[in-house]
Amino acid sequence: MSERAAPAAINTAPKPPRSALARWWDRRGFVNCLRWGAIIAFIGAWEGSSLAGWLDPLFASSPSLIVEKLWDMVADGSIWPHVLASANIAALGFGLSILVGVPMGLAMGRSVAIRSALEPFTTALNASPQVAFLPLLIIWLGIGVASKVALVFLGSFLIMVINTEAGVAQVDRRLIETARSFMANERQIMLKVILPSSMPYIIAGMRLGVGRTLVMVVVAEIYAATKGLGYLIFQAGGLYDTAQVFVGVVILASAGIALNSFLRWLEKRLAPWQHVQAE
Amino acid sequence: MTIEVQNISHGYLARDGVSHFQALADVSLTIESGTFVSFLGPSGCGKTTLLRIINGLITPTSGEIHIDGQRVDGPKSDRAMVFQEFNLLPWRTARGNVEFPLEVQGVSKAERDRVVNRVLAQVGLDKFGEFFPHQLSGGMKQRVGLARALGVGPDYLLMDEPFGALDPQIREMMQLELMKLWDSDRKSVVFVTHSVDEAVFLSDRVIMFGTSPGRIVADLTIDLPRPRWVDDEAIKTSAKFIQYRNDIWRLLKRQLNSMPAI
């Protein structure tokens, strides 16, 4: 066949010429300036109020005290055991919740029987505050890493199940029919149609799961821990070392933001068709 | 090498489990290999349902389909479908979409590449293999759909209103290109359409369906010269073409008038 239809679809009409700087400003600059401006204004106001004596640094700390504390802890290396302990628990717990949650969500989304059998449990667990299971987990699994990983898992795997299931529910029936018409079996339909089609939902679940994971890591480390960012934060709180509390919070928040940005990037890579309108 | 449709009836059950819609009632026909056959008729006449039954996607309530003597009990690689809404996987490129059925059937990577290159060139998309469906126009998407079906190497091409979602100019162009492609190997095609002109222009045989219940009301042989893509204007303005067209329209109007509601 010829390509008569092709160029019209690919070439977009040339835009009126504008300077590169003006285009950057339209696309990014204006929004970014406001964002960074707001952040700098907030930090400046905090630091200023502290210097002026309006805020008591003992209670509110100040950006410079936090940076100084962070710098000291990095320089003497005392921060790393805490970061590693928390990262270990977060990675194991969250990794496990993906490994269990995604297949479970796929199965529940695809089979009415499995969904009907498991739904009472997922609904009940989802409605209950999962933190309340911590005493039980400690009794069952001890005060080591296992109970902490279990709490993180409990807190984040349901989100993975529910989001994956929602992803399966929105898969275009016509694509499944097309795959069947080209002789795909149930396993191939699952792996080559349903899973990729649900990917944006699964990644959205992961983004929610990251937040839950960080909460659960901190909660788990309040009890019966000797290291970890949760331990660091609560120990410092007991000593009125507010700068160190904020060090822990800043590290956790940065990890959350970094993971979220990574997942957003991943979503764009894996589901480019979802971003057509946005671009 | 024939498709034998024997006493096919098919009903859909409504949600309440009692109401029942008779999509096809005791339909029989034989489709000879190497012919271009169109199913034409108003909405709800069961023409798409019959195509899906031939594909093996739907098991009919009663009756049997035999293809080359073998009973149809599911999709098989001797048949390939082209869908009205293209049904391309949005996360795969044009190339990835054409590759899909071959992957599913366990064809080796080297062989897949060879087939994909050949069929993409056949439909004029050899330069667009790396584009995603959302980057392609409607006509190009359907070329991908057609390439995907051709890649399977089917004996029977089943086309479900393939040009129905395209605008009129593109549609006419695609008809010409389909004719050109078809002339190169003359595979059997079963082509479902709403358009009288399209059916007459493309087909060797037009089978007309009527509604409530879905059934065959006419079976016409279209005796127009081939190739039809070289001078399509001459064909479309010929007395014979106009005669066929008017005959079919008359039958169709009778069907539409007998329908309870449109």
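A quick note: this is a predicted structure, and the numbers were derived from the prediction, not measured.

Along chain A, the regular secondary structure elements total 12 helices and zero strands. Element order for chain A, N to C, with α for helix and β for strand: α-α-α-α-α-α-α-α-α-α-α-α. Against the 2.2 N^0.38 benchmark of 19 Å for 279 residues, chain A shows a C-alpha radius of gyration of 24 Å, more extended than a compact globule. Dimensions along the principal axes, computed over C-alpha positions, put chain A at roughly 75 × 65 × 30 Å. Summarising the internal contacts of chain A: among those between residues at least 6 apart in sequence, 73% fall at separations of at least 24.

In this section: the interface of chain A and chain B. Taken together, the contact between chain A and chain B spans 23 residues of the former and 31 residues of the latter. Elements supplying a minimum of two residues to the side of chain A that touches chain B: α1 (6–10), α9 (173–181) and α10 (186–222) of chain A. Among the elements that make up the side of chain A that touches chain B, the one with the highest residue count is α9(A) (six residues).

Moving on, we come to the nonpolar core. The biggest cluster of nonpolar side chains holds 120 residues, and the ones touching the most others in it are V152(A), A147(B), L158(B) and V190(B). With 13 residues, α10(A) is the largest single contributor of residues to this core. Those residues in contact with V190(B), other than ones at most four positions away along the chain, are I31(B), V37(B), F39(B), L51(B), I54(B), Y156(B), L158(B) and M159(B).

Let's shift gears to the confidence of the model for chain A. Residues and elements named next belong to chain A. Across chain A, pLDDT averages 88, with 92% of residues at or above 70. For chain A, the element scoring lowest by mean pLDDT is α1, at 49; helix α5 (residues 80–110) scores highest, at 95. This model gives residues 1–8 a pLDDT under 50, and the stretch forms 14 contacts once residues within four places in sequence are excluded.

All right, on to the domain arrangement of chain A then. With domains assigned, chain A is organised as domain 1 (20–55) and domain 2 (73–275). Distance from the C-alpha centre of domain 1 of chain A to the C-alpha centre of domain 2 of chain A: 32 Å.

All right, on to the sheet that holds strand β10 (residues 215–221) of chain B then. Residues and elements named next belong to chain B. Pairing is mixed across the open sheet formed by six strands, whose spatial order is β6-β7-β8-β3-β9-β10. Across the chains shown, the open sheet's two edge strands, defined by having one partner strand only, are β6 (79–82) and β10. Each adjacent strand pair in this sheet contributes to an overall mean axis angle of 20°, direction not counted. Of the pairings in the sheet, the one linking β6 to strand β7 (residues 156–160) comprises four bridges and is parallel in character. Directly across from R79, in β7, lies its bridge partner Y156.

We now examine unusual backbone geometry. All names here are of chain B. Geometrically, the link from R226 to P227 is a cis peptide bond, its omega value of 0° lying close to zero. Tracing the chain through its elements places P227 in the loop between β10 and α7 (232–236). A positive phi angle is found at N7, which is not glycine, with a value near 50°. Its location among the elements puts N7 in strand β1 (residues 2–13). Judged by the 12 C-beta atoms lying within 10 Å of it, N7 is exposed. With phi around 50°, D68 is a residue other than glycine that occupies positive phi space.

What follows concerns the sheet that holds strand β5 (residues 70–71) of chain B. All names here are of chain B. Judged by pairing direction, the sheet is antiparallel, and its four strands sit side by side in the order β2-β1-β4-β5 without closing on themselves. At either end of the open sheet lies a strand with only one pairing partner, and these are β2 (20–32) and β5. Note: β1 against strand β4 (residues 62–67), five bridges, orientation antiparallel. When the sheet's bridge partners are listed, S9 is paired in β4 with S62. Along the sheet face, helix α1 (residues 47–55) touches β1, β2 and β4 and points at about 120° away from the line of β1.

Moving on to the packing of helix α11 (residues 229–238) of chain A against helix α12 (residues 242–270) of chain A. Residues and elements named next belong to chain A. Packing of α11 against α12 leaves a shortest axis separation of 8 Å and a crossing angle of 155°. Comparing their axes, α12 and α11 come out roughly antiparallel. Handedness of the crossing formed by α11 with α12: left-handed. Counted together, L229, L232, I233, A236 and G237 of α11 and Q244, V245, G248, V249, I251 and L252 of α12 form the full contact between these two elements. A breakdown of the residues in the contact of α11 with α12 according to their chemical character gives eight nonpolar, three polar and no charged.

About the criteria used
Residues numbered from 1 in each chain as written. Chains lettered and ligands numbered in written order. Predicted model: local features only at pLDDT ≥ 70, side-chain atom pairs only at ≥ 80, totals over all residues. Helix = DSSP H or I, 4+ residues; strand = E, 2+ residues; numbered from the N terminus. Rg over C-alpha atoms; globule rule 2.2 N^0.38 Å. Contact = placed C-beta atoms within 7 Å. Core = buried A, V, L, I, M, F, W, Y, C linked by C-beta atoms within 7 Å. Buried ≥ 20, exposed ≤ 12 C-beta atoms within 10 Å, placed from the backbone. pLDDT = per-residue confidence, 0-100. Domains from an automatic or database assignment. Pairing = 2+ DSSP bridges. Axes fitted to C-alpha atoms, helices over the stretch in contact; angles between N-to-C directions. Parallel < 35°, antiparallel > 145°, perpendicular 65-115°, else oblique. Left-handed = near helix turned anticlockwise from the far one by under 90°. Nonpolar A, V, L, I, M, F, W, Y, C, P; charged D, E, K, R; others polar.

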